[in-house]
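Residue-level structural notes
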Amino acid sequence: MNYKQEYIYSPKCYESCGGYCCAGFTNQHFKLIRSNFIALPLFDIEYQEYLKAGAIDGMEMAKKSEKFKLKGGQTFTIHWLHCDKKGLCNPHQNRPLICKLYPILPKVNAKGEIIGFFNGTIFDIFFTDFSHPCTLIKEQRKNIEDMLKANLKELLKNPNYIFIFKVAQIVVEHLQNYIKAKFGTYIIDEIPSNKVAEFWSQIEMAMVLRRAWNSDKFISDINRAYEEIAKIWGEFLQVEV
Ligand code: SF4
Ligand code: SF4
């Protein structure tokens, strides 16, 4: 991976939205998630590239690292950077992939083909394009999808990144399904005003306590994603006994 690569060209788009995506995803209904920093996940393969590129000033070390083990013993680690730079990360080109691809992520199949897109953070998956705070989503969705289709080709020849995008998609879908089971929808526009506070509160608890992902179905979806990708590309994660 070339860590300096850019994927979306949108100069000064922050002027149109108050820099929403770097501001901490504020929500008046959240009681535990604070907007003074953003937690950015980097799988180990990206984290090593991030460090090699020189990192972002003041964000040289992950605040937390979590190791996960699949049924076959394959392991992967997710490192969490905490960003309080509010858009002023330096050098800007060293920002993590999730920032470079914002506001969307690719939905991929096991071959690495892009079959769609979804909103790129778990805070944004409850908006329609109309209610989304990001101007690029509102006004340039087709354009940014085309840029990602063109610019992600190299990265999607690497099974590790196919797996990363697949995991992100599964995480998002489980959170959406968890909320839909409670409210009949996961779209904020469809929630009656007297239920809005409860809606966001349930989302916050689902995130903080990981309730949306605490299921056998979630574990089996992640394992199946790995197996499908490994069947095509060969084993790509290290096995620990
Ligand atoms: S990507 Fe979207 S939310 Fe982020 S600064 Fe640009 S317009 Fe605003
Ligand atoms: S690393 Fe940069 S682009 Fe990413 S959230 Fe922080 S300030 Fe925004």
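Refer to the preceding data block for the structure.
Residues numbered from 1 in each chain as written. Chains lettered and ligands numbered in written order. Predicted model: local features only at pLDDT ≥ 70, side-chain atom pairs only at ≥ 80, totals over all residues.

**Some words on the site of ligand 1**
Of all residues adjacent to ligand 1, which total 13 residues, the nearest are Cys13, Tyr14, Cys17, Cys21 and Cys134. Among the residues forming the shell around ligand 1, the class breakdown is 9 nonpolar, 4 polar and no charged. (Near = placed C-beta within 6 Å. Nonpolar A, V, L, I, M, F, W, Y, C, P; charged D, E, K, R; others polar.)

**A closer look at the site of ligand 2**
Around ligand 2, the neighbouring residues are Cys22, Ile38, Ile56, Cys83, Lys85, Gly87, Cys89, Arg95 and Cys99. For the shell around ligand 2, a count of residues per class yields 6 nonpolar, 1 polar and 2 charged.

**Quick look at the packing of helix H4 (residues 159–183) against helix H5 (residues 196–208)**
Across the interface, H4 lies against H5 with an axial gap of 11 Å and an inter-helix angle of 140°. Compared by their axis directions, H4 and H5 come out oblique. For the pair H4 and H5, the crossing hand works out as right-handed. Contacts between H4 and H5 involve Leu175, Tyr178, Ile179, Lys182 and Phe183 from the first element and Phe199, Gln202, Ile203 and Ala206 from the second. Its residues placed into classes, the contact of H4 with H5 shows 7 nonpolar, 1 polar and 1 charged. (Axes fitted to C-alpha atoms, helices over the stretch in contact; angles between N-to-C directions. Helix = DSSP H or I, 4+ residues; strand = E, 2+ residues; numbered from the N terminus. Parallel < 35°, antiparallel > 145°, perpendicular 65-115°, else oblique. Left-handed = near helix turned anticlockwise from the far one by under 90°. Contact = placed C-beta atoms within 7 Å.)

Shape descriptors only; they carry no functional weight alone.
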